[in-house]
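Coordinate inspection notes
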Number of protein chains: 2
Amino acid sequence: MRRLLVSLILCVPTLCTAADLPSWNDGDTRTAILEWVAAVTDEAGPDFIPVAERIAVLDNDGTSWCERPAYGSTAFQVHLARSLAAEGKIDPEAMPFKAWFADDRDALRAYGYSKSYVELNAAFAGMPSAAYRDSARAWLDRIRHSRFDTRLTELYYIPMVELKDLLQANDFQVWIVTGAAQDFVRSYIEGAFGIPPERVIGTWTVPVYGEDTPDPTMVRSEVQTYNGHENKPAHIEMRIGRRPVFAAGNSNNDQAMCRWTVTGPRRGLAIWIHHDDDLREYAYDRSTDTIAGLVNDHPGAWHVSMKNDWTVLFAHELK
Amino acid sequence: MRRLLVSLILCVPTLCTAADLPSWNDGDTRTAILEWVAAVTDEAGPDFIPVAERIAVLDNDGTSWCERPAYGSTAFQVHLARSLAAEGKIDPEAMPFKAWFADDRDALRAYGYSKSYVELNAAFAGMPSAAYRDSARAWLDRIRHSRFDTRLTELYYIPMVELKDLLQANDFQVWIVTGAAQDFVRSYIEGAFGIPPERVIGTWTVPVYGEDTPDPTMVRSEVQTYNGHENKPAHIEMRIGRRPVFAAGNSNNDQAMCRWTVTGPRRGLAIWIHHDDDLREYAYDRSTDTIAGLVNDHPGAWHVSMKNDWTVLFAHELK
């Protein structure tokens with residue numbers, strides 16, 4: 001009854017209904033989100049944001065879908081590198097591939113995690129962009145999550161799907177802004193989460209266009225631009241050209257993007273997902289301190305406890 | 001009567017009307033465009049293209065708006081560099097600025113035109129991204145075209161506005177893909193041509209995000225990626241992640257983008273604008289040979305003669 005009343009009060013100026021965010025427990029964060037959406041879409045109100053400026057940016061891994069036990073993009077790229085090694089195109093005894101193939105995280109850390117990641121991404125230079133995408137789709141069709149026994153694409157969080165739908169229903173452009181390999185995320189996310197490829201900003205590889213053959217070619221290169229930390233807001237500016245008014249994140253990688261969002265001239269909102277639910281997912285939250293400053297400093301930043309704020313996490317729980 | 005009949009025949013499966021492309025003379029190119037739009041939006045037909053794949057890419061200078069006597073973005077940046085020179089931040093006697101300020105094209109060519117252009121773009125490193133945009137808007141509000149005595153933003157070609165509207169009415173995403181400075185084009189194009197900033201791919205400068213001050217900062221850097229020639233299709237792949245099905249160009253810079261468009265798995269269309277009208281604009285067309293191979297080779301590529309295909313070029317002709 002209380003939720004119905006709150007929804008009725010909040011939603012008068014918009015098209016939203018009492019069913020908004022049904023998988024979110026009634027609480028401060030849900031109320032803050034609904035109140036903010038109602039306020040920024042109320043043409044007569046002081047916080048109104050024109051449709052063109054309604055830019056929402058969501059991190060992918062750990063914010064919108066499950067990132068444990070391994071990042072999807074990394075697991076795929078290790079798989080792909082293995083098949084290149086089987087073809088003799090990669091030396092499986094050389095670093096960083098030896099460590100990637102053995103999932104030896106100490107060795108990766110010793111080698112330098114960033115360097116390991118960059119060299120893994122670079123291993124696919126020369127591969128046609130379309131073949132990389134096809135390979136990603138085939139892998140995602142085949143593998144199952146080790147704990148949940150579902151496809152990885154079924155592990156988008158239901159409450160985040162609802163939030164994305166609520167934003168889109170209120171004329172927000174929703175973008176994914178992720179440190180993961182852009183082409184991997186693009187290969188599946190339109191079907192899995194309703195985000196088209198042009199609205200995915202990830203760690204990108206500029207491909208090489210060639211006209212040497214009768215049909216022009218588009219192949220991957222080694223040149224990469226890492227999309228994390230302060231690069232996230234910088235790339236949002238470069239790719240979108242507008243300052244976001246909504247952001248969601250869960251790790252240090254998202255801190256700058258969230259800060260950029262809530263400190264703009266428009267009334268912004270940022271949410272921070274905490275992985276504190278070992279029954280339904282994993283409890284590995286270590287980033288409370290990082291965001292704490294932002295949340296304490298700024299009225300537009302809110303914590304989300306997966307355990308307390310979400311009634312359901314995954315579609316398989318409903319079966 | 002003939003046009004009406006053609007339109008009626010062509011437009012049955014779509015929402016287009018007999019008024020489509022009213023400023024285009026009846027002729028092969030206009031017919032080809034209307035027939036193509038009807039075919040690719042006909043769900044029952046063999047050439048149907050799903051909405052998500054309807055990506056149209058238009059070059060800006062010389063294709064969508066007037067590029068003579070000077071490129072708008074270059075004229076603005078020379079103006080901006082002059083004001084930095086007046087503040088003592090640029091040495092006006094050093095190359096390439098000395099040549100830019102004197103409009104000495106021989107000196108620019110001797111110095112290297114690409115190098116001159118890159119160094120001009122790089123001169124604004126450290127300037128807040130927002131200040132650059134504000135400065136561009138102020139300049140565009142103030143200056144008038146030397147021959148037509150209009151704002152530059154009023155020099156988008158009416159037939160291209162109609163074509164853009166026709167594509168958007170048929171659920172195409174229309175993107176601008178230009179060698180011009182991305183932030184300059186973004187500063188005005190939403191008002192002038194109806195393209196939002198996130199759909200402008202130009203020569204970009206990745207900005208730098210900083211949190212040293214209470215409010216985060218976003219300033220320009222020297223790092224640039226030139227968006228011309230084979231970079232156009234490569235950047236379309238990187239930024240959009242889908243192969244275009246419609247392209248419009250007018251110079252060598254657009255050749256690769258047009259070829260990539262018409263050689264894809266979907267039925268694509270590319271048009272090539274010829275500047276052959278010295279009465280209403282300028283006759284400086286030199287690129288017929290370049291596109292000729294493409295047009296002769298491929299049924300999806302069409303020439304546009306500004307003189308013969310367009311009944312009107314600019315809004316001021318209608319006054």
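Residues numbered from 1 in each chain as written. Chains lettered and ligands numbered in written order. Predicted model: local features only at pLDDT ≥ 70, side-chain atom pairs only at ≥ 80, totals over all residues. Heavy atoms only, no water.

Turning our attention to the overall build of chain A. Looking only at helices and strands, one finds 13 helices and nine strands in chain A. Computed over its C-alpha atoms, the radius of gyration of chain A comes to 21 Å, within 12% of the 20 Å expected for a compact globule of 319 residues. Its C-alpha atoms give chain A principal-axis dimensions of about 65 × 45 × 35 Å. Within chain A, the fraction of its 319 residues that count as buried is 57%. (Helix = DSSP H or I, 4+ residues; strand = E, 2+ residues; numbered from the N terminus. Rg over C-alpha atoms; globule rule 2.2 N^0.38 Å. Buried < 20%, exposed > 50% of the residue type's maximum accessible area, 1.4 Å probe, protein only.)

If you trace the seven strands from one edge of the open sheet to the other, you get β6-β3-β2-β1-β7-β8-β9 (chain A), paired in mixed fashion. This sheet does not close on itself; its edge strands, each paired only once, are β6 (224–225) and β9 (301–305) of chain A. (Pairing = 2+ DSSP bridges.)

What follows covers the interface of chain A and chain B. In this assembly, 37 residues from chain A lie in contact with 36 residues from chain B. When the area that chain A buries against chain B is broken down by residue, the three leading residues are Glu198(A), Tyr209(A) and Met238(A), summing to 21%. If you look at where chain A meets chain B, you find eight salt bridges. A salt bridge links Arg133(A) to Glu237(B), with the shortest nitrogen-to-oxygen separation between them at 2.9 Å. For the pair chain A and chain B, the interface holds 20 residue pairs in polar contact (both at pLDDT 80 or more). Elements with a minimum of two residues in the side of chain A that touches chain B: α7 (129–142), β2 (173–181), α9 (182–193), β3 (200–205), β5 (217–219), α10 (231–239) and α11 (255–262) of chain A. It is α10(A) that contributes the most residues to the side of chain A that touches chain B, six residues altogether. Here the residues of the side of chain A that touches chain B sort into 16 nonpolar, eight polar and 13 charged. (Contact = heavy atoms within 4.5 Å. Buried area = accessible area lost by both parts, 1.4 Å probe. Salt bridge = Lys/Arg side-chain N within 4 Å of Asp/Glu carboxyl O. Polar contact = N/O pair within 3.5 Å; in protein donor to acceptor, adjacent residues only side chain to side chain. Nonpolar A, V, L, I, M, F, W, Y, C, P; charged D, E, K, R; others polar.)

Attention now goes to the pairing of β3(A). Residue and element names in this part refer to chain A. Among the six residues in β3, six count as buried, and that is most of the element. Judged from the three bridges that link them, β2 and β3 form a sheet pairing that is parallel. Following the sheet pairing, Ile 176 is matched in β3 by Val 200. Between the parallel elements β2 and β3, the chain passes through α9 in a crossover that is right-handed. Where β3 and β6 come together, two bridges link them in antiparallel fashion. The residue bridging Trp 204 from the neighbouring strand is Thr 225, located in β6. (Right-handed = clockwise from strand over helix to strand, strands pointing away.)

Glancing now at the pattern of salt bridges. Pairing between side chains of opposite charge can happen when their charged atoms approach one another. Evaluated as defined, the whole model comprises 39 salt bridges over all chains. In this structure, the salt-bridge partner of Asp165(A) is Lys164(A), at a minimum N-O distance of 3.0 Å. What makes Asp165(A) partly exposed here is its relative accessible area of 38%. Among the salt bridges present, the one from Asp59(B) reaches Lys232(B), with a minimum N-O distance of 3.0 Å. Taken together, the residues Asp59(B) in the loop between β1 (55–58) and α3 (72–86) and Lys232(B) in helix α10 (residues 231–239) connect sequence positions 173 residues apart. Each of the salt bridges in this network shares a partner with another, and the network as a whole consists of Glu35(A), Asp47(A) and Arg267(A).

It is worth spelling out the environment of Ser64(B) at this point. Residues and elements named next belong to chain B. Within the secondary structure, Ser 64 is located in the loop between β1 and α3. Under the relative-accessibility criterion, Ser 64 is labelled buried at 0%. Setting aside residues no more than four positions away along its own chain, Ser 64 makes contact with Leu 58, Asp 59, Leu 155, Tyr 156, Tyr 157, Met 160, Ile 176 and Phe 193.

This paragraph deals with the sheet that holds strand β2 (residues 173–181) of chain B. Residue and element names in this part refer to chain B. Spatially, β6-β3-β2-β1-β7-β8-β9 is the arrangement adopted by the seven strands of the open sheet, whose pairing is mixed. Bordering the open sheet on either side are β6 (224–225) and β9 (301–305), each of which pairs with just one other strand. Of the strands in this sheet, β1, β2, β7 (246–249) and β8 (269–274) are in contact with helix α11 (residues 255–262), which crosses β8 at around 150 degrees. (Axes fitted to C-alpha atoms, helices over the stretch in contact; angles between N-to-C directions.)

Looking now at the side chain of Thr263(B). Relative to the elements of secondary structure, Thr263(B) occurs in the loop between α11 and β8. At a separation of 2.6 Å, a polar atom in the side chain of Thr263(B) contacts the main-chain carbonyl oxygen of Arg259(B). Ignoring any residue separated from it by four or fewer positions in sequence, one finds Thr263(B) in contact with Asp215(A), Pro216(A), Arg243(B) and His298(B).

What follows is about the packing of helix α3 (residues 72–86) of chain A against α7(A). Residue and element names in this part refer to chain A. Interaxial distance between α3 and α7 falls to 10 Å at its minimum, and their mutual angle equals 105 degrees. The orientation of α3 relative to α7 falls into the category roughly perpendicular. Residues Gly 72, Ala 75, Phe 76, Gln 77, His 79 and Leu 80 of α3 pack against Tyr 132, Ser 135, Ala 136, Trp 139 and Arg 142 of α7. Of the residues in the contact of α3 with α7, the class split is six nonpolar, four polar and one charged. (Parallel < 35°, antiparallel > 145°, perpendicular 65-115°, else oblique.)

Another point: the confidence of the model for chain A. Residues and elements named next belong to chain A. With 91% of its residues at a pLDDT of at least 70, chain A reaches an overall mean of 91. Counted against residues more than four places away or in other chains, residues 1–18, with its pLDDT under 50, gives 26 contacts. Taken together, the chains of this predicted complex give a pTM of 0.93 and an interface ipTM of 0.92. (pLDDT = per-residue confidence, 0-100.)

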